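# Geometric and topological summary
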Amino acid sequence: MDGKTERPDPALGVPFAKLAGEPLWKELLREGWPRRHRAGETLLRQGAAGTHVLALTDGVVKVLRVERDGRERVLAFRGAGDVVGEAAVLEDSERRLASVVAIGDVTVVVVEKRGFTRFVARHGLSPVLTRHALTRLRESDRARGGCGSRERVARALLALALASDGGRTGDGTELSVTRAELAQYLGVSRNTVSAALRGIGDRVVAAERGCVVVHDVAALRAVARETDGPHADT
């Protein structure tokens, strides 16, 4: 979303960097080393040991969890300025509860467990991390309500497209996210997402096999600012 809006981004939420402050964020980045990932690559794997955290500096990732019945669930999207994998690092012997996958080209800074825990203790950041967790819960609630389905789909795709620097192609911005994953995140059916995409128009955004391509960001922004009527699907 543009810098003039005061409403937190419904897809990416409030990043850790904003809560901790820019000086501390830059200091955290100096604790590790950079690494690049391509769209579709798994950055962190569910069930693995919490040996490090990732500080996102460019691009967007999706957080996925496989439930006990084998179904995969999209928990969140995370963008630049955020951290992922911190829960398994701060809890001794904790395994990762979800996987993290790039939806476009992503740059991260890898911070080893010892360096991250020392950083948190040195700056008294436990309350900030608690607040961060609470903002993520509120983000999830915002994504699942508050307006019509077409606007919600448009807002989510707009945020992901603007944050995905590496997904640009000749025909638009390709996001490695499916209609089913958008549906899981927004708390609607896959058919509802498909209907919303048709309502937005394939000249603006199109669902393809394994991805969604944003062709017209300006038009998508206009849809994201609309308010669907009370008859809209939710």
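Structure: above.
All residue numbers refer to positions counted from 1 along the written sequence of the respective chain. Thresholds applied to this predicted model are a pLDDT of at least 70 for local features of residues and 80 or more for the giving and counting of side-chain atom pairs; totals over whole chains, interfaces and linings are not thresholded and use all residues. Just so you know, side-chain values use all the structure's heavy atoms and leave hydrogens and water out.

### Digging into the nonpolar core
Counting residues in each nonpolar core, the largest one holds 33 residues, and the members touching the most others are F77, V153, L157, I200 and L220. Where helices and strands are cited, they refer to DSSP runs of H or I of at least four residues and of E of at least two residues respectively, numbered from the N terminus. Only β5 (72-78), α6 (149-163), α7 (179-186), α8 (190-200), β12 (211-214) and α9 (217-224) provide two or more residues apiece to this core. Among the nonpolar cores identified, the runner-up in size contains 19 residues, and A17, V83, V89 and V128 belong to it. Definition of nonpolar core: a set of buried residues of the types Ala, Val, Leu, Ile, Met, Phe, Trp, Tyr and Cys, connected through side-chain atoms within 4.5 Å. Between buried and exposed lies partly exposed: a residue is buried under 20% and exposed over 50% of the maximum accessible area for its type, with that area taken using a 1.4 Å probe on protein chains only.

### Regarding the sheet that holds strand β4 (residues 61-66)
The four strands are arranged β2-β7-β4-β5 in an open sheet whose pairing can be described as antiparallel. Pairing within the sheet leaves two strands with one partner each, and these edge strands are β2 (42-44) and β5. When strand polarity is set aside, the average angle formed by the axes of neighbouring strands in this sheet is 35°. The contact criterion used is simple: two residues touch if any of their non-hydrogen atoms lie within 4.5 Å. Inter-axis angles, ranging from 0 to 180 degrees, are taken between N-to-C directions of lines fitted to C-alpha atoms, where helices are fitted over the stretch in contact. Against the sheet, α7 touches β4 and β5, its axis set at about 80° to β5. Two strands qualify as a pair provided that DSSP identifies no fewer than 2 bridges between them.

### Considering the packing of α7 against α8
Running from amino to carboxyl end, α7 crosses α8 at an angle of 110°, the nearest separation of the two axes being 8 Å. It follows from the interaxial angle that α7 and α8 lie roughly perpendicular. In this structure, α7 uses R179, A180, L182 and A183 to contact α8, whose residues at the interface are R190, V193, S194 and L197. A breakdown of the residues in the contact of α7 with α8 according to their chemical character gives five nonpolar, one polar and two charged. The scheme is simple: roughly parallel for angles under 35 degrees, roughly antiparallel for over 145, roughly perpendicular for 65 to 115, oblique for anything else. Three residue categories are used. Nonpolar comprises Ala, Val, Leu, Ile, Met, Phe, Trp, Tyr, Cys and Pro, charged comprises Asp, Glu, Lys and Arg, and polar comprises the others, including Gly.

### Describing the pattern of salt bridges
The salt bridge criterion pairs a side-chain nitrogen of Lys or Arg with a carboxyl oxygen of Asp or Glu, the two atoms within 4 Å. One pass over the full model with this rule turns up eight salt bridges. The salt bridge involving R65 is made with E67; its shortest N-O contact spans 3.3 Å. Residue class for E67 comes out partly exposed when judged on its relative accessible area of 27%. Note that R73 and E67 form a salt bridge whose closest N and O atoms lie 3.9 Å from each other. Among the residues examined, R73 registers a relative accessible area of 37% and is labelled partly exposed.

Geometry only, nothing functional implied.
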